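Residue-level structural notes
Next come the chains, spelled out residue by residue.
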Amino acid sequence: MLESFEERDGLTGLTSHCLVQDPRAMLWICTESGLFRFDGFRMRREPLPPDAGAWVRGAAVDRRGELWVATERGLFVRHQASGSVAWTPVLQPDGKRLMLRQSHQIDWDEAGTAYVMGEEKRIWVIAPGAAAAPRLVAQPLPQPPPLPPSTGAPWVDPPLRWRGGALWFACGDGLCELRGSQLTTWGKAQGLPADGWATLFLARDGSLWTRSANRLARLAPGAAGFESVSAPPLLGWTHEAALLEDAGGAILVSTDRGVARWNGTAWREWTQDNGLPDTAIRTLFCDAEGSLWLGAGGRGVHRWVGYGRVEHWTRADGLPSNVVQQVFRDASGRVWAATREGVAWFDAASGRFVALPKPAPDGGPFRWDVVLADGDLWWRRGDRLFTVKAGSTVVRLVARDPALINSMTGEGVYYAFGADQVERLVPTPTGLRHERIGPPLPGGRPVAVANDGRSEWFVGQQQVFGMRDGAWAPLLDEQGEPVPAYVDLLSDGEGGLWVVDTNGARHYRVSDGRARRVQHFGPELFDHAAVLFVQSAPGQAVWVGSDRGMFILDGNGRWRHLHHGNGLIWNDVNAGFLLDAQGQAWIATSAGLTRVRPGGSPPSPPTLRVDELEFGSQRFTGAPHAALPWADRHLRLTLGTPSFSAARTLRIEYRLRPDLPWRAAEGSVLDIGALDAGAQVLQVRATGRTPAESGGPVLSLPFEIRPPWWSTTLARLAYAALLLLLWWSSWWWLQRRSRARRRMLEQAVAERTTELEASREALRRLGEHNARGLEDERKRVARELHDELGQQLAALRMEVSVVRSRSRTAGTVEREHLDPFIGRLDQLMATMRTLVSQLRPPALDGGLATALQWLASEFTQVSGVPCSVQVEADLGELPADFAIMVFRIAQESLNNVRRHAKAGQASLRLARDGDHGELTVSDDGIGFDTAHRREGYGVLGMEERARLLGGEVAVESAPGHGCVVRLRFRLP
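If you check an unreviewed UniProt entry, the protein appears there as histidine kinase from Roseateles saccharophilus. What the UniProt record of the protein gives under Catalytic activity (unreviewed entry) is the line "ATP + protein L-histidine = ADP + protein N-phospho-L-histidine."

If you want it as structure tokens, here you go:
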């Protein structure tokens with residue numbers, strides 16, 4: 001099962017020439033279109049020096065952890081420090097670039113001196129230089145020994161390795177060992193057949209391995225000669241023959257058909273039939289956690305998921321079907337797999353399954369009906385019972401029994417449910433032994449059965465039933481309530497039960513007919529995956545099978561999740577599960593069978609590492625030591641992980657304070673902007689995809705953001721001073737404003753007082769004027785009465801005296817003597833009417849409109865100035881007190897026109913304006929400047945009368961433009 005990296009994953013070069021990992025667990029890939037690196041989460045192109053070209057032929061990591069890269073234009077050394085990368089070219093003494101064709105043509109001794117097999121098969125020596133030196137100069141090997149000619153494979157680029165103080169390389173048809181200046185040739189006499197030995201590899205135990213097109217040879221530590229064996233052929237790409245040691249010590253090589261593994265005694269080969277790419281495997285590599293990587297020509301790079309930890313078997317490996325239902329181990333230790341189309345046994349020698357021939361006649365597909373009884377394998381097909389003795393592969397028909405047709409399997413037995421009883425069917429060498437259990441189960445046929453050889457339990461009517469005193473009784477919990485069960489029931493091997501249903505899995509300890517719940521794994525723990533079975537054993541892990549893989553609870557209480565992404569052949573597991581004597585777990589799925597080696601369960605969530613850390617424009621390889629400026633408060637963190645097997649199934653979480661909740665990140669690159677000022681700690685961890693999987697180690701990155709200048713202590717002091725200044729300025733301004741308002745108020749009071757004094761003075765003068773006017777009017781009336789009425793009355797008295805004297809003399813009064821009295825009386829009456837009209841015009845008795853018409857007529861008669869009158873009909877009948885006031889204002893206005901205006905025309909108009917009345921008296925006279933009021937009491941009197949009306953008088957005039965007097969008052 002492979003995890004592939006191709007163009008869609010960022011690997012644009014699909015033919016890899018090397019795979020190498022540096023001490024930081026970064027994986028480097030050499031391709032014809034550039035150098036790429038894999039950080040555990042994604043592929044990225046690594047920028048090369050501008051003059052290096054694009055074709056990367058090989059790469060290797062020296063003892064200091066620096067990467068040496070061979071391109072089509074030379075050899076370069078990559079240095080990384082303080083977040084920056086520098087490249088150093090390797091030159092020959094004449095200044096030319098040193099060329100390297102393959103990764104296996106460079107190695108280092110214990111002192112860090114590099115040895116390179118250059119072009120023309122010349123060996124160069126490169127002394128260790130200073131880190132990030134501007135250049136490195138290679139020197140040819142002093143006094144190079146003559147090398148034997150090659151007759152086997154002249155196209156092979158000679159490999160080179162340092163081993164035990166000596167330099168080993170391919171020479172002629174064998175190998176050469178150069179120790180100091182002494183050259184030793186290893187060939188046929190030393191067990192090394194003449195061939196083109198294309199690859200050298202130094203194993204962990206010190207063995208030297210070499211590979212040719214058809215053979216594999218090993219020189220053990222201290223051995224005098226090589227041991228060689230035939231190997232699967234590699235006829236193409238011999239110069240790139242892959243050779244390495246896996247985590248278990250086995251040797252892996254590339255072949256014409258795929259990959260082969262030598263375990264010291266036999267070969268096992270994987271080809272396209274096992275899921276490998278159908279192209280040449282150019283490179284092999286085992287990373288730091290033991291995962292196997294394959295570089296396929298033109299098909300990208302692939303990681304063998306679970307290599308060394310898990311193994312898989314499908315139909316291509318001998319299984320009758322990919323749908324595996326059950327797994328058993330018989331008394332001989334042989335492992336059996338029951339599939340949908342047959343039963344097969346595992347041949348450990350070949351690593352394949354061997355299918356049993358189907359018994360005739362064929363009874364249809366197998367079902368979940370295989371049991372293991374007394375160490376032998378038993379299964380039924382219809383009403384027939386078959387068996388295979390432990391250690392044998394011969395199928396034997398034992399018996400035919402109709403009771404088998406609808407039976408259910410248990411631990412080593414079958415259960416039949418008839419109309420009148422439930423019985424146990426025990427397989428024996430001579431047939432089936434029927435054992436009665438009891439009457440029919442409540443509710444009929446159960447949905448699940450569990451037995452461990454001591455107790456038998458059945459699920460029916462959503463309860464668990466057991467036989468007690470010859471009758472079925474429900475299993476009760478500690479509260480006396482029936483134990484609920486809906487789907488499946490499993491024995492824990494110790495008299496306890498696992499109840500599996502939609503509520504997860506519950507573990508009960510059963511004692512004296514009562515069940516005590518000791519564990520409960522709710523569905524939310526597995527992200528609501530459907531739990532299918534639970535397998536546990538004393539002192540061992542708990543294995544929970546689901547439709548999303550296996551969840552494993554170890555002895556430390558930590559959950560691990562084995563799924564398709566990290567080693568399981570398929571997520572939808574079946575109830576077939578076996579823990580064998582070697583601690584290996586065999587897991588049946590709908591797509592094949594997976595075997596998990598001891599310790600091969602998926603690791604805990606891995607640690608994370610910092611690949612790139614950026615604060616604004618600054619880059620770091622770890623937490624910054626100095627405080628960062630406010631302008632660089634944007635954080636960008638690129639994470640990597642050394643655990644390539646789990647990277648793609650991880651969820652990354654982060655937080656900025658230990659007391660904050662964890663937040664999920666999108667991918668492995670964190671972008672956090674607008675960080676607050678002050679000391680902070682960014683915490684990052686990796687967790688699994690389900691709540692059951694706990695988080696991995698926390699990666700902490702402390703840092704400090706300097707506050708902006710406006711948040712510094714000096715700025716705060718300045719703010720305080722500014723605030724104090726603003727407060728003082730505000731207080732000063734408020735005080736000044738208060739004083740100004742006080743002055744304004746005092747001025748207003750003074751002005752108002754002046755106005756009141758002026759008004760009082762005007763009122764006093766008006767009162768005096770009115771008093772004088774009244775006195776003058778009295779004098780005028782008295783004068784009129786004296787001059788007119790008095791003279792008339794005196795004359796009348798004289799005339800009466802004359803008439804009386806005449807009457808005494810004559811004795812009679814003639815008519816002609818009385819006529820003067822009539823005339824005199826008429827004059828008295830006329831004088832009286834004139835006085836009365838001057839005091840109050842009689843026209844007012846006819847209404848305001850009539851009085852205004854009379855006033856205009858009198859004005860025209862006296863002044864000779866025509867005066868028009870307009871009075872709206874509904875305003876002619878105002879109350880008497882309103883009418884007299886309006887009339888007097890109009891009278892005073894016309895008097896002013898007559899006295900001062902020199903007008904040619906005047907007008908008088910009384911109209912309604914809403915709920916107000918408006919009297920307008922206008923003329924076309926000479927006008928005057930209203931800003932310079934003339935001395936007099938006419939306007940003042942009009943204003944007082946207007947006030948009594950609840951209205952106001954306005955005078956509008958300008959020199960040469962006449963005058964308008966407008967009275968506006970509220971109508972009664």
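The next thing to look at is the sheet that holds strand β16 (residues 166-171). On the basis of which strands lie adjacent, the open sheet formed by 4 strands has the order β15-β16-β17-β18 and antiparallel pairing. The sheet is open, and its two edges are formed by β15 (160-163) and β18 (182-186), each paired on a single side. This sheet shows a mean twist of 25° between the axes of neighbouring strands, independent of strand direction. Strand direction decides the pairing type here: strand β17 (residues 174-179) and β18, joined by 5 bridges, are antiparallel. Across the sheet, Leu178 pairs through a bridge with Leu183, a residue of β18.

Taken as a whole and judged by the stated rule, the model has 2 disulfides. Disulfide pairing places Cys18 opposite Cys30 at an S-S distance of 1.7 Å. Negative torsions about the S-S bond denote left-handed disulfides, and the value of about 45° found for Cys18 with Cys30 makes this one right-handed. Here Cys30 lies in strand β3 (residues 27-31) and Cys18 lies in strand β2 (residues 16-21), a separation of 12 residues in the sequence. Looking at Cys30, the relative accessible area reads 0%, which means it is buried. In this model, Cys171 is linked to Cys176 through a disulfide, with the two sulfur atoms separated by 1.6 Å. Between Cys171 and Cys176 the disulfide shows an S-S torsion of about 90°. By sign, it is right-handed. Both residues of the pair, Cys171 and Cys176, belong to the buried class. Counting only the cysteines that take part in disulfides, in the order they occur along the protein, gives the pairing 1-2, 3-4.

Between helix α4 (residues 880-901) and helix α5 (residues 938-949), the least distance of the axes is 10 Å, while the angle of their chain directions is 160°. Relative to α5, the element α4 lies roughly antiparallel. Pair α4 / α5 crosses with left-handed handedness. Note on element contacts: α5 touches α4 through Gly938, Met942, Arg945, Ala946, Leu948 and Leu949, opposite Phe882, Met885, Val886, Arg888, Ile889, Glu892, Ser893 and Asn896.

On to the environment of Gln463, then. Along the chain, Gln463 turns up in strand β45 (residues 463-468). Under the relative-accessibility criterion, Gln463 is labelled partly exposed at 22%. In this structure, the C-alpha to C-alpha distance between Gln463 and Pro446, residues 17 residues apart in sequence, is 9.9 Å. Setting aside its immediate chain neighbours within four residues, Gln463 contacts Phe458, Pro474, Pro482, Val483 and Ala485.

A rise of 1.5 Å per residue sets the reference length of α5, with its 12 residues, at 16 Å; its end C-alpha atoms lie 17 Å apart and thus fit the reference within 8%. Downstream of α5 by one or two residues, Gly950 has phi in the positive range, about 75°.

Attention shifts here to a positive patch on the surface. Residues Arg736, Arg739, Arg742 and Arg743 make up a contiguous surface patch of positive charge. Along the chain, Arg739 falls in helix α1 (residues 713-810). Taking the relative accessible area as the measure of exposure, Arg739 reaches 35% and is therefore partly exposed.

Reading guide: rules and limits
Residues numbered from 1 in each chain as written. Predicted model: local features only at pLDDT ≥ 70, side-chain atom pairs only at ≥ 80, totals over all residues. Heavy atoms only, no water. UniProt positions renumbered as here; feature names shortened; annotations may be inferred. Pairing = 2+ DSSP bridges. Helix = DSSP H or I, 4+ residues; strand = E, 2+ residues; numbered from the N terminus. Axes fitted to C-alpha atoms, helices over the stretch in contact; angles between N-to-C directions. Disulfide = S-S within 2.5 Å. Buried < 20%, exposed > 50% of the residue type's maximum accessible area, 1.4 Å probe, protein only. Parallel < 35°, antiparallel > 145°, perpendicular 65-115°, else oblique. Left-handed = near helix turned anticlockwise from the far one by under 90°. Contact = heavy atoms within 4.5 Å. Expected span 1.5 Å × (residues − 1). Patch = residues over 30% accessible without salt bridge, like charges linked within 9 Å, V, L, I, M, F, W, Y side chains within 5 Å. Areas by Shrake-Rupley, 256 points an atom, 1.4 Å probe, with all protein chains shown as cover. Salt bridge = Lys/Arg side-chain N within 4 Å of Asp/Glu carboxyl O. Lys, Arg positive; Asp, Glu negative; His and termini not counted. Charge placed at Lys NZ, Arg CZ, Asp CG, Glu CD.

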